[in-house]
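# A look at the structure
What follows is each chain in one-letter form.
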Amino acid sequence: MLRDITIGQYFPGKSVIHRLDSRVKILLVMAYIIMLFLADNPLGLLLGILFLILGYGISRISYKLILRSLKPVVPIILFTAVLNMLFMDGRPVLRVWIITVTYEGIRMAVFMAVRIICLIAGTSLLTYTTSPIALTDAIERLLSPLKTLHVPVHELAMMMTIALRFIPTLIEETDKIMAAQKARGADFETGRLMQRAKALVPILIPLFVSAFRRADELALAMECRCYHGGEGRTRMKQLHLRYYDFVACGFMLCCIAGTILINYCAPVVF
Amino acid sequence: MAAIQTEHLSYVYSPGTPFEKTAVDDVNVEIEEGAFVGVIGHTGSGKSTLIQHFNGLLAPTKGRVLIGGEDLWADKSKLRQFRFQVGLVFQYPEYQLFEETVYKDIAFGPTNMGLSADEVNRRVLEAAAAVGLREKHMEKSPFELSGGQKRRVAIAGVLAMRPKVLILDEPTAGLDPRGRDRILGQLREYHEQMHNTVLLVSHSMEDVARYCGRVLVMNRSRLFLYGDTREVFERADEISGMGLSVPQVTRIFLGLKEKGYDVRTSIYTMDEAKAELLSLLAKEGK
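Residues numbered from 1 in each chain as written. Chains lettered and ligands numbered in written order. Predicted model: local features only at pLDDT ≥ 70, side-chain atom pairs only at ≥ 80, totals over all residues. Heavy atoms only, no water.

## Some points on the pairing of strand 8 (residues 197-201) of chain B
Residue and element names in this part refer to chain B. Burial runs high along strand 8: 5 of the 5 residues are buried. Covered by surrounding structure in strand 8 are Thr197, Leu199 and Val201 together with Val198 and Leu200, the residues of both alternating faces. Judged from the 4 bridges that link them, strand 3 (residues 36-41) and strand 8 form a sheet pairing that is parallel. Its bridge partner lying in strand 8, Phe36 is registered against Val198. Across 5 bridges, the pairing between strand 7 (residues 165-169) and strand 8 is parallel. By the bridge assignment for strand 8, Asp169 is matched with Val201. Following the backbone out of strand 7, through helix 6 (residues 177-194) and into the adjacent parallel strand 8, one traces a crossover that is right-handed. (Buried < 20%, exposed > 50% of the residue type's maximum accessible area, 1.4 Å probe, protein only. Helix = DSSP H or I, 4+ residues; strand = E, 2+ residues; numbered from the N terminus. Pairing = 2+ DSSP bridges. Right-handed = clockwise from strand over helix to strand, strands pointing away.)

Structure below.
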């Protein structure tokens, strides 16, 4: 059951998108988000959607996965849509009691919903096609200018790597402990809220104990291999920019330029 | 009646994703009541998946599991009752301990069964005695004990439910030889007293040869063989061909056979080995 979690799940592949430099990919995703919020015209948003379809197509990641990553944010999307619909001033379309729905409100709600969906799908594409290690590596490199301000960039990146590395391990461990307690007749599925909360104790305590044990062992293992922070550390996998990285950046710039152009030139259809 | 019976049991992990994997493939087996069964197989052969079906932790993708003739999944509300009948001790069970005291931890199972305080008390003490835990341990925190003691507390936690079928997944992994012999000896003693059915998953052929009357061999998700220990070791060459180690004694006789000596290879105890060697020497002496 816990296996179904997809946060940060990586699907190995060989497409161009998989091979893009992870730094470039992070920057592209940021640019993509900017592009989404720049778009002021449905055609601009359409461009964003097309971009997404193209990205998923090239990477051969199943479109079904978009739905899976969207599932947890559906309430947020609905919530913002409703808020936008109810609290925007403008031309009223519908009036029930003290609630007024305006034309601008509906427009804003649709825009926001599409933007959030694209945003989630776009960032998911990043995590689907980039291994967690490559991601944290890229974050470290991108943030490295902050080192001059004494921000512990390497330590932060290392912590993120370790945290990501241990997510599947801890999920597996939780599964195992749950199975073991179920075998002793523990019941997680029925009962009132308090009873259910109490039923978690037999899972949480062993889980914490083992997490601490693992942390201890890991620290020891790292020290045994003379780990002493980022100073003077080299990498096994060097990041190199290749021609397709530049192509991708160029393409992204074109898309952003297109969006701005559409904002100014295209007729307002909606 | 069979204690556990499976009919065309298959299980597939993560169906419909790139990670799909058939872990158990069309297994039909009938495990007799009161048997002491060794379950052997390579890492990844499907042993652990198979045994998790026996108390309903995993639901079969295809096929049925019958416990005492009743379908495990016929009525989901009864599932918990079956879990009390079929006790499962996982690998490294000491990592599931959580209570403040050893006593409370062992009592977790029987308390979940809804037994009276008296009955729980009786069962806890009985289970603790069965694994050789003494009075002075009972009020300690399970986290203060040594590795072997923790393991025995965890096993006692399952024994305290008095399951008709007891399944242990490598109960001796990571223990020293003395701890291993102690736990297996206690399990056999308990089995002889209670006449329960025991399934012992093990990598050690020596242990299986010493303690088990029946052996179930899994190979590549399929049931390779289920039979008396002797029958299984008669096919020692096939088993070692699967990459499983046969007991050292058996290996000696396999080697002798290869060298051209006329010996049986289904030998897995010291006494048999002695008799066989003596008769060989007598023949050679002629």
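## Here we look at the interface of chain A and chain B
Counting residues at the interface gives 18 residues for chain A, matched by 20 residues for chain B. For the chain A and chain B pair, buried surface summed over both sides reaches about 1,800 Å², with 64% attributable to carbon and sulfur atoms. Contact with chain B buries surface across chain A, with Ala183(A), Arg184(A) and Gly185(A) losing the most and accounting together for 37% of the total. Where chain A meets chain B, there are 2 salt bridges. A salt bridge links Asp105(B) to Arg184(A); the shortest N-O distance between them is 3.0 Å. Contributions of two or more residues to the side of chain A that touches chain B are made by helix 8 (153-183) and helix 10 (201-224) of chain A. (Contact = heavy atoms within 4.5 Å. Buried area = accessible area lost by both parts, 1.4 Å probe. Salt bridge = Lys/Arg side-chain N within 4 Å of Asp/Glu carboxyl O.)

## A short note on the domain arrangement of chain B
In terms of domain boundaries, chain B breaks down into domain 1 (1-74 + 164-176 + 192-229) and domain 2 (247-286). Each of domain 1 of chain B and domain 2 of chain B has a C-alpha centre, and the two are 32 Å apart. (Domains from an automatic or database assignment.)

## A word on the packing of aromatic side chains
Using the criterion set out here, one finds 9 aromatic pairs over all chains in the structure. On the basis of an interplanar angle of 65° and a centroid distance of 5.5 Å, the ring pair of Phe11(A) and Tyr128(A) is categorised as edge-to-face. Of the two residues, Phe11(A) is situated in the segment before helix 1 (16-19) and Tyr128(A) in helix 6 (residues 103-129); the sequence distance between them amounts to 117 residues. A relative accessible area of 10% places Phe11(A) in the buried class. Judged by centre distance (5.0 Å) and plane angle (85°), the rings of Tyr11(B) and Tyr13(B) are edge-to-face. Taking relative accessible area as the criterion, Tyr13(B) reaches 23% and is therefore assigned partly exposed. (Phe/Tyr/Trp six-rings, centres within 6.5 Å; stacked < 30°, edge-to-face > 60°.)

## Focus: a positive patch on the surface
Residues and elements named next belong to chain B. The grouping of Arg134, Lys136, Lys140, Arg178 and Arg182 at the surface amounts to a positive patch. You can see Arg178 is positioned in helix 6. Residue classification places Arg178 among the exposed residues on the basis of a relative accessible area of 72%. (Patch = residues over 30% accessible without salt bridge, like charges linked within 9 Å, V, L, I, M, F, W, Y side chains within 5 Å. Areas by Shrake-Rupley, 256 points an atom, 1.4 Å probe, with all protein chains shown as cover. Lys, Arg positive; Asp, Glu negative; His and termini not counted. Charge placed at Lys NZ, Arg CZ, Asp CG, Glu CD.)

## Thoughts on the pattern of salt bridges
Residues and elements named next belong to chain B. Tallied over the full model, the rule gives 24 salt bridges over all chains. A salt bridge links Lys78 to Glu70; its shortest N-O distance comes to 3.7 Å. According to the relative accessible area criterion, Glu70 is partly exposed, its value standing at 40%. Arg180 is the partner of Asp207 in a salt bridge, and the nearest nitrogen-oxygen pair spans 3.7 Å. Of this pair, Asp207 sits in helix 7 (residues 205-211) while Arg180 is found in helix 6, placing the two residues 27 residues apart along the sequence. Here Arg180 falls in the partly exposed class, since its relative accessible area comes to 26%. Counted as one network, the salt bridges with shared partners bring together Glu119, Arg122, Arg123, Glu126 and Arg162.

## Details of unusual backbone geometry
Its identity is not glycine, yet His150(A) carries a phi of approximately 65°, on the positive side. Among the residues examined, His150(A) registers a relative accessible area of 74% and is labelled exposed. Positive phi values are uncommon outside glycine, yet Tyr92(B) reaches one of about 45°. By secondary structure assignment, the location of Tyr92(B) is in the loop between strand 6 (86-89) and helix 3 (102-112).

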